[in-house]
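Each chain, letter by letter, is given below.
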Amino acid sequence: MASSVWKGHLTFGLVSIPVKLTAAARSETISFNQLHKDDNSRIKQVIYCQAEDKPVPRSELVKGFEYEKDKYVVVDEEEIKKFAPKTARVMEILEFVKSDEVDPVYLESSYYLQPDEAGEKPYSLLFEALRRTGYVSIAKLTMHNREHVVVLRPGKHGILLHTMYYRDEIRAMDEFRTDTSQVKDKELDLAVTLIATLAGAFEPEKYKDSYRENIRALIDAKIQGAQVVEPPAAQTMAPVIDIMEALKASLNQLKKAVGTAA
C-alpha cells in the first residue's frame, strides 16, 4: 500500500474531516549510475568547499540565500519552522468554483485524498455534493516545505487533489494565439470527419512508453550477452503542401485500414 505524504484535517465550514494524501501517479524511467570508465566502478559525488579546498560532510551544511552575487544570508532550519502556517496540519477549503473554470495549465501534481476511519461519512458527503453540483473546491495546505493552493475534485472512486501553480508561475505567452480566420469550411468539414473517424473511448492502458521498453530490452540483451539490435529508423514526415489533399488521403487511408481489419 502506498505511504501517505500528508496527514491532517480537511475543514469544510464547521466540519472537520481527518484525511491523508497518497501520490496518484509517478513517472517511470530507467535510471543509470555514473561509473568510472576505466574500471566500471561506481563513483560518488563529493561535497567540496572551494574556500578551504577540501571535502566537507553534510553535517556541516547550512541553508544560504544569495541576495547579491556571492553574498549569502544564512537561514537556520528552526527559524524556517517558526513560519509554518496553520495549513501544515489543516487543509481549509476556501471556495467552490465550477470545474470548467480551472484551466488545466494550473494543475501540477495529483494525489488521492482518502479519509481516516472517523471521517468516512463527512468525506462521502463532500464527494457526493461535488459530484452532483459540478463544482470543485479550492483549498490551501502546506506540504514539502511549501504552501500549496490545491483543487479537490470528485473522481471515479473518491476525491482527487491536484496541487496548482500560482498565477506568477504561469508563463505569459502573448504570442500564443490561433488565427481561425484562415480556416476554410471545406477543410474544417474534412478535419471534423477525420476526427470522428479516429474517435474512440479513452483507454490509457493502450499507450506504452516504447522508448523505455526499447532501453530495457537493450539492457536485458547486454545482460544476456546477446547481440544488440537497433530499433527501426524513425519515420520521416514530408511537409504538408495541400491541406485538403492531405486530409482526403488520411481519410482514404483510414477507410482502407478499417476495410482490411473487417
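Residues numbered from 1 in each chain as written. Predicted model: local features only at pLDDT ≥ 70, side-chain atom pairs only at ≥ 80, totals over all residues. Heavy atoms only, no water.

**Section: the overall build of the protein chain**
Secondary structure assignment for the protein chain yields five helices and eleven strands. A total of 262 residues make up the protein chain; the buried ones form 20% of that total. For the protein chain, contacts bridging at least 24 residues in sequence account for 61% of all contacts bridging at least 6. Surface accessibility of the protein chain: about 21,600 Å² in total, with carbon and sulfur atoms responsible for 53%. (Helix = DSSP H or I, 4+ residues; strand = E, 2+ residues; numbered from the N terminus. Buried < 20%, exposed > 50% of the residue type's maximum accessible area, 1.4 Å probe, protein only. Contact = heavy atoms within 4.5 Å. Areas by Shrake-Rupley, 256 points an atom, 1.4 Å probe, with all protein chains shown as cover.)

**A word on the pairing of strand β9 (residues 135-143)**
Burial of β9 is extensive: seven of the nine residues sit out of reach of the surface. Bridging between strand β7 (residues 90-98) and β9 involves six bridges; their strand directions are antiparallel. Residue pairing across strands places Ile93 opposite Ala139, the latter belonging to β9. Looking at chain direction, β9 and strand β10 (residues 146-154) are connected through seven bridges and run antiparallel. (Pairing = 2+ DSSP bridges.)

**Looking at the sheet that holds β7**
The strand order around the closed barrel built from seven strands is β1-β2-β8-β11-β10-β9-β7, with neighbouring strands paired in mixed fashion. Neighbour to neighbour, the strand axes of the sheet diverge by 40° on average, direction disregarded. Where strand β1 (residues 6-12) meets β7, three bridges bridge the pair, whose relative direction is parallel. Residue Thr11 lies in a different strand from β7, and its bridge partner there is Glu92. (Axes fitted to C-alpha atoms, helices over the stretch in contact; angles between N-to-C directions.)

**With respect to the environment of Leu190**
Looking at where Leu190 falls in the secondary structure, it is placed in helix α3 (residues 185-198). The class of Leu190 is buried, set by a relative accessible area of 17%. In the structure, Leu190 is positioned 56 residues away from Ala246 in sequence and 10.0 Å away in space, judged by C-alpha atoms.

**As for helix α4 (residues 210-224)**
Taking 1.5 Å per residue, 15 residues should reach 21 Å; α4 reaches 21 Å between its end C-alpha atoms and fits that length. The backbone nitrogen of Arg212 has a side-chain oxygen 3.1 Å away, supplied by the residue at the start of α4, namely Asp209. Directly after α4, the chain includes Gly225, whose backbone phi takes a positive value near 75°. (Expected span 1.5 Å × (residues − 1). Polar contact = N/O pair within 3.5 Å; in protein donor to acceptor, adjacent residues only side chain to side chain.)

**Quick look at the packing of aromatic side chains**
If you walk through the whole model with that rule in mind, you get two aromatic pairs. Geometrically, the ring pair formed by Phe12 and Phe96 is edge-to-face, given 5.8 Å between the ring centres and 75° between the ring planes. Of this pair, Phe12 sits in strand β1 while Phe96 sits in strand β7, and the two are 84 residues apart along the sequence. For Phe12, a relative accessible area of 27% corresponds to the partly exposed category. (Phe/Tyr/Trp six-rings, centres within 6.5 Å; stacked < 30°, edge-to-face > 60°.)

**Re a nonpolar patch on the surface**
Taken together, the side chains of Phe65, Tyr67, Val73, Val75 and Ile80 define a hydrophobic patch exposed on the protein surface, amounting to about 440 Å² of accessible area. Examined against the element boundaries, Phe65 turns out to sit in strand β5 (residues 63-68). Of the residues examined, Phe65 reaches a relative accessible area of 55% and is grouped as exposed. (Patch = residues over 30% accessible without salt bridge, like charges linked within 9 Å, V, L, I, M, F, W, Y side chains within 5 Å. Salt bridge = Lys/Arg side-chain N within 4 Å of Asp/Glu carboxyl O.)

**Notes on the nonpolar core**
Ranked by internal contacts, the top residues of the largest apolar core, which has 20 residues, are Leu10, Leu21, Met91, Leu113 and Leu152. Looking at this core, the element that brings in the most residues is helix α2 (residues 120-133), giving four residues. Setting aside anything within four residues of it in sequence, one finds Leu113 in contact with Leu10, Val19, Lys20, Leu21, Met91, Tyr123, Leu152 and Ile159. Among the nonpolar cores identified, the runner-up in size contains seven residues, and Val102, Ile138, Val149 and Met164 belong to it. (Core = buried A, V, L, I, M, F, W, Y, C linked by side-chain atoms within 4.5 Å.)

**Notes on unusual backbone geometry**
Phi is positive for Asn40, close to 60°, though the residue is something other than glycine. Turning to its location among the elements, Asn40 is positioned in the loop between β2 (15-23) and β3 (48-49). The exposure class assigned to Asn40 is exposed, which follows from its relative accessible area of 56%. You will see that Asp70, though not glycine, has its phi angle at about 65°, which is positive. With respect to the helices and strands, Asp70 occurs in the loop between β5 and β6 (71-75).

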